[in-house]
Amino acid sequence: MNCKLNPFLAFDRQCAEAFDFYAQVFGGEAKIFRFREMPDGGPETTIPEEYADCVMYAELPVGDNVLMGYDHLPEKAYTDTNQRLRIGTNSYISISLEDRSEADRIFGELAEGGKFASPMHDTFFGYFGSLIDRFGVQWMVHVEAI
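The notes below deal with the structure included here. (Residues numbered from 1 in each chain as written. Predicted model: local features only at pLDDT ≥ 70, side-chain atom pairs only at ≥ 80, totals over all residues. Heavy atoms only, no water.)

### Side note on the overall build of the protein
For the protein, the helix and strand inventory stands at two helices and eight strands. When the helices and strands of the protein are listed from N to C terminus, the series reads β-α-β-β-β-β-α-β-β-β. Put simply, the protein has 146 residues, and 45% of those count as buried. Within the protein, residue pairs in contact and separated by at least 24 positions form 54% of the contacts whose partners lie at least 6 positions apart. (Helix = DSSP H or I, 4+ residues; strand = E, 2+ residues; numbered from the N terminus. Buried < 20%, exposed > 50% of the residue type's maximum accessible area, 1.4 Å probe, protein only. Contact = heavy atoms within 4.5 Å.)

What follows is the structure, encoded as structure tokens:
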């Protein structure tokens, strides 16, 4: 299997600031996508206007790896998992794959006994889904848009 595991950090409305800082530390340029940039129709587009400038997805290449992050919005702003941000539990394991069917397989197996945060779906940045497995570990599965 050809995949990478990447750290995915959650922030309390400080993701853009943090990624600007990390870009200075590690070099390179961070890509930052805000909720307001989301095309109509995705589940993330139903968030309140007050959160539209929050970061939906950020990435910064660091060597052969990618540091990823987002602004975790308050409970019920765009998710039904009732996950509250707690510093110390604000990270995910992100799996980057090249094949959608392999992404679906891995997502499905990790989800057994767990709960979905976001089922696998097409987004403007790729094919994506997130879940919390039966052990409480937070996972994101991603296939980059071509």
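The rest of the description comes next.
### Digging into helix α2 (residues 100-111)
Here α2 spans 16 Å end to end across 12 residues, near enough to the 16 Å set by a 1.5 Å rise per residue. Listed as buried for α2 are Ala103, Ile106, Phe107, Leu110 and Ala111. Buried residues along α2 cover an arc of 125° about the axis, so they all sit on one side. Elements that come into contact with the buried residues of α2 comprise β5 (91-97), β6 (115-123), β7 (126-132) and β8 (138-144). Positive phi shows up at Gly113, right after α2, with a value of about 80°. (Expected span 1.5 Å × (residues − 1). Arc of directions from axis to C-beta.)

### Remarks on the nonpolar core
The biggest cluster of nonpolar side chains holds 17 residues, and the ones touching the most others in it are Phe8, Phe35, Tyr70, Leu73 and Met140. Going through the elements one at a time, β1 (3-11), β3 (55-62) and β4 (65-71) are the ones with two or more residues in this core. Per-element tally for this core: the top contributor is β4, with three residues. Leu97, Phe107, Leu110 and Val143 belong to the second largest nonpolar core, which has 13 residues in total. (Core = buried A, V, L, I, M, F, W, Y, C linked by side-chain atoms within 4.5 Å.)

### Observations concerning the pairing of β8
Taken across its seven residues, β8 has six buried, putting it largely inside the fold. Taken together, the five bridges between β5 and β8 define a ladder with parallel strand orientation. Paired with Ser96 across the strands is His142, a residue of β8. Pairing geometry for β7 and β8, over seven bridges, is antiparallel. The partner of Tyr127 across the bridge, within β8, is Val143. From the end of β7 to the start of β8, which pair antiparallel, there are five residues, and Gly136 there has a positive phi angle of about 90°. (Pairing = 2+ DSSP bridges.)

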